[in-house]
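The chain contents come next:
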Amino acid sequence: MRFTLKLQSLILVSAVTLAAIPSTAAQSKRAMTFDDVMTLRVVSDPRIAPDGKQVAFVVTQADMKTNFRNSDVGLVSASGGEPHKMTVSPRRDDSPQWSPDSRR
């Protein structure tokens, strides 16, 4: 059971990562540039809720103008669906943790 949840989490995070790649870069026939790489969003630190129904994760993206990386916490249903941001701030939000009852 635990292995299955970890596998589902890995698949889910991979899908979110692929969805975060700008579609123009994916469709173009040119080599990736440094700027292309810097626009990618990195999805990391998946945390499955104790009830197994949701996954919290961190999305990090570089800001070349400010020379800063911003990260926010996202949330998605473990069964799939559209992820949404839980935090939106200019600071780094990372290491999501679940309450034992999966409510927060």
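Before reading further, recall that the structure is shown in the block above.
Residues numbered from 1 in each chain as written. Predicted model: local features only at pLDDT ≥ 70, side-chain atom pairs only at ≥ 80, totals over all residues. Heavy atoms only, no water.

Caption draft 1: Fine view of the overall build of the protein. Assigned secondary structure in the protein consists of three helices and four strands. What you see in the protein, going N to C, is helices and strands ordered as α-α-α-β-β-β-β. Of the contacts formed within the protein by residues at least 6 apart in sequence, a portion of 34% connects residues at least 24 apart. Of the accessible surface of the protein, which amounts to about 7,500 Å², a share of 58% is contributed by carbon and sulfur atoms. (Helix = DSSP H or I, 4+ residues; strand = E, 2+ residues; numbered from the N terminus. Contact = heavy atoms within 4.5 Å. Areas by Shrake-Rupley, 256 points an atom, 1.4 Å probe, with all protein chains shown as cover.)

Caption draft 2: Local environment of unusual backbone geometry. The backbone of N67 sits at a positive phi, close to 55 degrees, despite the residue not being glycine. Within the fold, N67 resides in the loop between β2 (54-63) and β3 (68-77). Positioned with a positive phi, S102 is a non-glycine residue whose angle comes to about 65 degrees.

Caption draft 3: Just the sheet that holds β2, in detail. Taken in spatial order, the four strands make up an open sheet running β1-β2-β3-β4, and their pairing is antiparallel. A strand with exactly one partner marks an edge of an open sheet, and here the two such strands are β1 (42-48) and β4 (84-85). The sheet contact formed by β2 and β3 spans 10 bridges and is antiparallel. In the sheet register, Q61 faces β3, and the bridge partner there is N70. (Pairing = 2+ DSSP bridges.)

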